[in-house]
Amino acid sequence: MQEFRQTPLNPQFSDDLRYKNAAEMFADIEQGHLWVSAEEGYDNSIYPNPFYGFAFLVMHDYDHYITQSDWSLEGEITAYKVAASRVPSLEIQKILYSQIVLRAAAYIKLGHAPEAKTVFP
């Protein structure tokens, strides 16, 4: 939560707004704002409180911004590396890998968001 509070953004939840690409999101972030789409889902089996999923997505999107990485698999790996560098626990790094890199790879393969689950328990 401390990292979420330090993110210099005014994030807002949206039921219907979604960025078309990373550049569009970066432009909003440069104005201090970020829309977080409900379409991404806040799986309660992973997050005991839906707000934690929201906070995670805000920090993840900000990681894309600070690395100027897009939403390709390479971009997701870059964003993952930034997130993983902030946590010393290998167990937490595995969960982040599952939620960021493997989820993105599944999306690319399937063409839609996969069922949310943690691959590395």
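Just above sits the structure.
Overview of the structure. Bear in mind that the values here come from a model prediction, so they are computed numbers and not experimental data.

## Regarding the nonpolar core
Ranked by size, the top nonpolar core spans 22 residues in total, and within it Leu-34, Val-58, Leu-96 and Ile-100 carry the most contacts. Of all the secondary-structure elements, those providing two or more residues to this core are α2 (22–30), β2 (33–37), α3 (50–67), α4 (73–85) and α5 (90–110).

## Quick look at the side chain of His-64
Along the chain, His-64 turns up in helix α3. Those residues in contact with His-64, other than ones at most four positions away along the chain, are Met-25, Phe-26, Ser-69, Asp-70, Trp-71, Gly-75, Glu-76 and Ala-79.

## Considering a nonpolar patch on the surface
On the surface, Leu-73, Ile-77, Tyr-107 and Ile-108 cluster together into a nonpolar patch covering about 330 Å² of accessible area. Of all the elements in the fold, those that place two or more residues in the nonpolar patch are α4 and α5. On the accessibility criterion, Tyr-107 (40% relative accessible area) is partly exposed.

## What about the pairing of β2?
Buried residues dominate β2, accounting for four of its five residues. Sheet topology places strand β1 (residues 10–14) next to β2; five bridges connect them, and they run parallel. Bridge pairing in β2 places Phe-13 opposite Val-36.

## Focus: the side chain of Ser-69
Topologically, Ser-69 is positioned in the loop between α3 and α4. Reaching out from Ser-69, the side chain makes a polar contact with the backbone oxygen of Gly-75 at a distance of 3.4 Å. Beyond its immediate sequence surroundings of up to four residues, Ser-69 is in contact with Ala-22, Phe-26, Asp-63, His-64, Gly-75, Thr-78 and Ala-79.

## Here's the deal with the environment of Gln-12
With respect to the helices and strands, Gln-12 occurs in strand β1. Gln-12 sits in the partly exposed class, given a relative accessible area of 33%. With 23 residues separating them in the primary sequence, Gln-12 and Trp-35 have C-alpha atoms 5.0 Å apart.

Conventions we followed
Residues numbered from 1 in each chain as written. Predicted model: local features only at pLDDT ≥ 70, side-chain atom pairs only at ≥ 80, totals over all residues. Heavy atoms only, no water. Core = buried A, V, L, I, M, F, W, Y, C linked by side-chain atoms within 4.5 Å. Buried < 20%, exposed > 50% of the residue type's maximum accessible area, 1.4 Å probe, protein only. Helix = DSSP H or I, 4+ residues; strand = E, 2+ residues; numbered from the N terminus. Contact = heavy atoms within 4.5 Å. Patch = residues over 30% accessible without salt bridge, like charges linked within 9 Å, V, L, I, M, F, W, Y side chains within 5 Å. Areas by Shrake-Rupley, 256 points an atom, 1.4 Å probe, with all protein chains shown as cover. Salt bridge = Lys/Arg side-chain N within 4 Å of Asp/Glu carboxyl O. Pairing = 2+ DSSP bridges. Polar contact = N/O pair within 3.5 Å; in protein donor to acceptor, adjacent residues only side chain to side chain.

Keep in mind these numbers describe shape, not what the thing actually does.
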